[in-house]
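# Architecture and fold: a report
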Amino acid sequence: MSKKFWYSLMAVLILTAVVLSACGGAATQAPAEATQPPAQGGKEVEVFSWWTGGGEAAGLEAMIKVFNTKYPDIKFINAAVAGGAGTNARAVLATRLQSGDPPDSWQGHAGQELIGTYVAGGQIQPLNDLYESEGWLKVMPETLIPLISQDGKIYSVPVNIHRANVLWYNPKILEENKIAVPTTVDEWFAAMDKLKAAGVTPLALGEQWTKMHLLETVLLGTLGAEKYNGLWNGTTDWGSAEVKTALENFQKAMTYANTDSASLSWQDAAQLVVNGDAAFNVMGDWAEGYFRELGKKPRVDYGWAPVPGTVGVFQFLSDSFVLAVGAPDPEAAVAWLKVAGSKEGQEAFNPVKGSICARTDCDKSLFGEYLQSAMDDWASNVVVGSLTHGVVANDSWKSEIDTALGLFVSNGDLAAFQTALVNACKASGPCK
Amino acid sequence: MKTKSLRTGKNWLYGPLIFMSIFYLLPMYVMLVTGFKPFEEVDLKTMWALPRHIAFDNYVEAFRHLAPSLRNSFVMVIPATIISSFLGSINGYVLAKWKFKGADVIFPLILFGMFIPYQSILIPLVQFMKSVNLTGIPGLILTHVIYGIPITTLTFRNYYASLPQELIEAARIDGASMLGVYRWILLPISIPSFVVVLIWQFTSAWNDFLFAVVLTGNTQWPITVALNNMAGSQIIAWNVQMAGSLLAALPTLLVYLFLGQYFLRGLLAGSLKG
Amino acid sequence: MFKNKDRYLSFLLVLPSILAVMIFIYGFIGWSIRVSLSKWKGLTPNFEWAGLKNYIDLFSDPRFMVDIRNTVIFTVVFVVGCIVVGFLLAVMLDQGLKGEAFFRTLFLFPMAISFIVTGVVWRWLMNPATGSRMSGLNLLFSYLNLDFLINNWHTTPTWGIAAVALAAIWQMSGYTMALYLAGLRSIPLELREAAQIDGASELQIYRYVILPILTPVTLSVLIILGHISLKVFDLIIAMAGKQLALDVPAIYMWQTTFDGLFYARGAAIATLLLISVAVLIVPYMWFTLRSEKQL
């Protein structure tokens, strides 16, 4: 046997493997028949989430307890996988869905993250009937429903609500520098100028996603609710002068931030405020749960207000659950969704997790001071969605915005940033 | 004594060794003390400070989370480590000393597999494993064995390649078969290579998160998934996390201690004479 | 001297590995290449042909350019650092000092700890804040009056990735040491003694006797470290979050695939990584195999 023989044998083997797998890849597109009967011994429901640690896990356990009392014959399988805001979890879920092995129900950020990904992929079912029969339309804010629907179909059951547009501040620092809590962007900049001159770090900022969080609140604060919504439905032009002003405001806000932002997590950054090392921090209201765990007192060690320019607007994000197409046990899955949307379920979950109910009829006395004020706002404010946390833009669009933002943070080229945002909307958003 | 002749007058080496030890210990010190701190004491500014009280709460809590997965990890890691090390050793032996025609092509081809970015092949991997009905821990073991082949083969082949050919020829003249040479000549002197390969395979299988999380269900998750799950998606208690990661690393540390004894000298010298 | 039977036996022995590698490595690489030539975006597989578009787009993608720069810097610093540190440690430990087991285990230990946690510890250690908020290594240096060492670590523009490589060196140099130590221990003492009798100094022995024997070990080390540096992922995420200044192809691939659902683009990045490895490693391998034959 000659050398040539071996070389050609190897070449053939490799080619066969490559070709076979390429065909295999194409052939496995059809979802596998995943409707295997549940294991003997009755019904079970597998629920996939990223609530694995701290208050989230405890809240989920509390909700599971409610489920177990209501449906003692259904076994609850908690398939939670952690990962910073669900990133690992989402990769696992994507892999499972593509192998035709969906869990019965899974967690997702309400809004376009779910719609753009799973509705577009034909992986989840509309839940309008459930909303009708459970009377949820009456107890959830009217402005919320369109944000979690597509073409009139509602696709998820929101369990909790977090607010993104919160300005956290250190009351002592503001008092010492005789600064009133700013309500407009201009007041905010003036306050931060004063703080800077006094040698205080005006704004605490962390790693890249916290910058995106700042960006979305500044966009909202500069454009107002209506034009902000327009960014996501295609009626506000990303290339317009107003957006440019908003981006300039964002750029200016960043100049007030601590110099080591790139090396801080959101926790580290939020901690600067309660430690007295910085005056302001823009972060979602899970920061409040963190301050409490640090043993800090509301109104004494930290204060809160809507991000300047967003008074009267509630920029929300929500964890919600869906019903899988091809769920191994759809009945059990619906039972879980009923609990997730119920007053009892949400009252069990939210006080422990440190968020408010998506329903507006939860018992206020279960919640702490901050959350009570958030409940009032949730019931009365204009509701808009968060970008960073998956409400207003689909995943592809958000990831393009993230890349554009990353480039802007490192090179500071505002014109290029705006062009990249325009292109991102064209490539993955509704812009034409 | 051979070791003595090497040792004389080398005490100055403790200087650089201790200096390097400090470099290795600094981060571990931070992990250890953070593991003893209550949540509100975890602060960048005070990371060098000792905890105000010594409390084992975090370690206890972490252990409570990790303990149920411990068995899964052992059941998965031990076979995965041993099988892939032996496969690598056999492959290395053949590809270094019994080159059939084409062996020099096969070796780089196997080796190249090491560079495959695992994240990019998760989907076909899971689809394939489902289609052959190999999920759960057996599937995970197989995956670790297979993706371990390139690195184990590399290590053994390069080690065996450095051994003189006369060693094998001498044994052949004495009538040993091909496998006999492996069993009686090469295996005994490849203990140090086994040590490094076992260390690698144990560590990577023990610390693997990616394959485990997509190939196994929640009752079969190994310790890394449990460790990851101790962190929530928003607030992360780094004190418990660090305590947990030290606990999770203990079995690996024991393996290092145990295998470390077998960094033996002079194995080859003896066999050359024989 | 090979009998036919042995030839077949030897082939049979490696056949299972070859088959496994064919399916699990080349089969899946094939799948990945096919995806990279498609228009797959979103959760539903879409194998519609797109030609080389994904590749062409990547080369005009400013983010990918940053990734290439970062990978090159990281790989060079990491591989060179690990080899130098690992080899020196191995030589020191090879002298038969008391306490060898302690040092050996200590140097190996970082490898056992989850990258996610060590990444966070290094992020804390390398915090670049100044003034009253100074902490970590910078605070230590200032305390020891080594102010000239104070720097911005991984937040330094362009070269920040080298600081991440330092953390990776901390984690992986112990294993490099183990590989070299195993190699050193397999060198017959007689060889050293013979060289000593010939009047060679200790340094000369290492340079002219030991280093050449260790060449195959160095080759293993290079390849093992190289593959780690191309795949490094958790460590960077833990140290830096997902930020562009410290982005590498492995992170871009993960983010674009699983966060952005650009499956085709992710597969194109994976394929480019593999091609770059092939371009660098394969000729080197061939050269080494050839030079082995001439021995």
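Residues numbered from 1 in each chain as written. Chains lettered and ligands numbered in written order. Predicted model: local features only at pLDDT ≥ 70, side-chain atom pairs only at ≥ 80, totals over all residues.

Summing up its helical and strand segments, chain C has 13 helices and zero strands in all. When the helices and strands of chain C are listed from N to C terminus, the series reads α-α-α-α-α-α-α-α-α-α-α-α-α. Each of the 295 residues in chain C was classed as buried or not, and the buried ones make up 53%. Excluding contacts between residues fewer than 6 apart, the proportion of contacts in chain C whose partners are at least 24 apart in sequence is 70%. (Helix = DSSP H or I, 4+ residues; strand = E, 2+ residues; numbered from the N terminus. Buried ≥ 20, exposed ≤ 12 C-beta atoms within 10 Å, placed from the backbone. Contact = placed C-beta atoms within 7 Å.)

Among the secondary structure elements, Asp94 of chain C is positioned in the loop between α3 (62-93) and α4 (100-112). Once residues lying within four places of it in the same chain are set aside, the contact partners of Asp94 of chain C are Leu181 and Leu184 of chain C.

Moving on, we get to the environment of Ala240 of chain C. When you line up the elements, Ala240 of chain C lands in helix α11 (residues 234-240). Considered as a pair, Ala240 of chain C and Val120 of chain C are 120 residues apart in the sequence and their alpha carbons are 8.6 Å apart. Not counting residues within four places of it along the chain, the set of residues in contact with Ala240 of chain C comprises Glu207 and Ala262 of chain A together with His154 and Leu246 of chain C.

Our focus in this paragraph is the interface of chain C and chain A. Think of interface size as the accessible area that goes away when the parts come together; that is how it is often given. Between chain C and chain A, the residue contacts involve 38 residues of the former and 38 residues of the latter. Among the elements of the structure, α1 (4-36), α3 and α12 (249-259) of chain C are those that each provide at least two residues to the side of chain C that touches chain A. It is α1 of chain C that contributes the most residues to the side of chain C that touches chain A, nine residues altogether. Here the side of chain C that touches chain A is composed, by residue class, of 19 nonpolar, 12 polar and seven charged. (Nonpolar A, V, L, I, M, F, W, Y, C, P; charged D, E, K, R; others polar.)

Residues and elements named next belong to chain A. One open sheet accounts for five strands, arranged β2-β1-β3-β13-β6; its pairing is mixed. In this open sheet, the two edge strands, each paired with only one partner strand, are β2 (74-78) and β6 (157-158). As paired elements, strand β3 (residues 105-109) and strand β13 (residues 319-321) share three bridges and run antiparallel to each other. Within the sheet, the bridge partner assigned to His109 lies in β13 and is Asp319. In the packing of helix α14 (residues 330-341) onto the sheet, the strands contacted are β1 (43-48), β2, β3, β6 and β13, and the crossing angle to β1 comes to about 55°. (Pairing = 2+ DSSP bridges. Axes fitted to C-alpha atoms, helices over the stretch in contact; angles between N-to-C directions.)

Further remarks concern the pairing of strand β7 (residues 160-163) of chain A. Residues in a regular strand project their side chains so that they alternate between the two faces of the sheet. Residues and elements named next belong to chain A. Side-chain alternation along β7 places Asn160 and His162 on one buried face and Ile161 and Arg163 on a second face that is also buried. Pairing geometry for β7 and strand β14 (residues 356-357), over two bridges, is antiparallel. Note that in β14 the partner of Asn160 across the bridge is Cys357. The pairing of β7 with strand β12 (residues 313-317) spans two bridges and is classified as antiparallel. Looking across to β12, one finds that His162 is bridged to Leu317.

This part takes up the domain arrangement of chain A. All names here are of chain A. Examined at the domain level, chain A breaks down into domain 1 (43-161 + 318-380) and domain 2 (163-316 + 389-428). Averaged C-alpha coordinates put domain 1 and domain 2 at centres separated by 27 Å. Listed by contribution, the elements that provide at least two residues to the side of domain 1 that touches domain 2 are α4 (112-119) and α16 (369-380). Top element by residues in the side of domain 1 that touches domain 2 is α16. It accounts for five residues. Looking at the side of domain 1 that touches domain 2 residue by residue, the class counts come to six nonpolar, eight polar and three charged. (Domains from an automatic or database assignment.)

Here we come to the interface of chain C and chain B. Counting from both sides, the interface comprises 82 residues of chain C and, opposite them, 81 residues of chain B. Per-element tally for the side of chain C that touches chain B: the top contributor is α1 of chain C, with 17 residues. Taken together, the residues that form the side of chain C that touches chain B break down as 59 nonpolar, 15 polar and eight charged.

Relative to the helices and strands, Thr201 of chain A is located in strand β9 (residues 201-204). A tally of 24 C-beta atoms within 10 Å means that Thr201 of chain A is categorised as buried.

Our focus in this paragraph is unusual backbone geometry. All names here are of chain A. A positive phi angle is found at Lys178, which is not glycine, with a value near 50°. One non-glycine residue with positive phi stands out, namely Arg299, at about 70°. If you trace the backbone, Arg299 turns up in the loop between α13 (286-293) and β11 (303-306).

The next point concerns the sheet that holds strand β8 (residues 166-169) of chain A. Residue and element names in this part refer to chain A. Read across the sheet, four strands follow the order β9-β10-β8-β11 without closing on themselves; strand pairing throughout is mixed. Edge positions in the sheet fall to β9 and β11, since each of these pairs with one other strand and no more. Shown here is a sheet whose adjacent strand axes are inclined to one another by a mean of 25°, direction ignored. Relative to strand β10 (residues 278-282), β9 runs parallel, the two being bridged by three bridges. Pairing of Leu203 across the sheet is with Phe280, part of β10.

Let's shift gears to the pairing of β8 of chain A. Residues and elements named next belong to chain A. Side chains of β8 alternate between two faces, with Val166 and Trp168 and Leu167 and Tyr169 buried alike. As paired strands, β8 and β11 are joined by four bridges and run antiparallel to one another. Bridged to Trp168 within β11 is Trp304. Relative to β10, β8 runs antiparallel, the two being bridged by three bridges.

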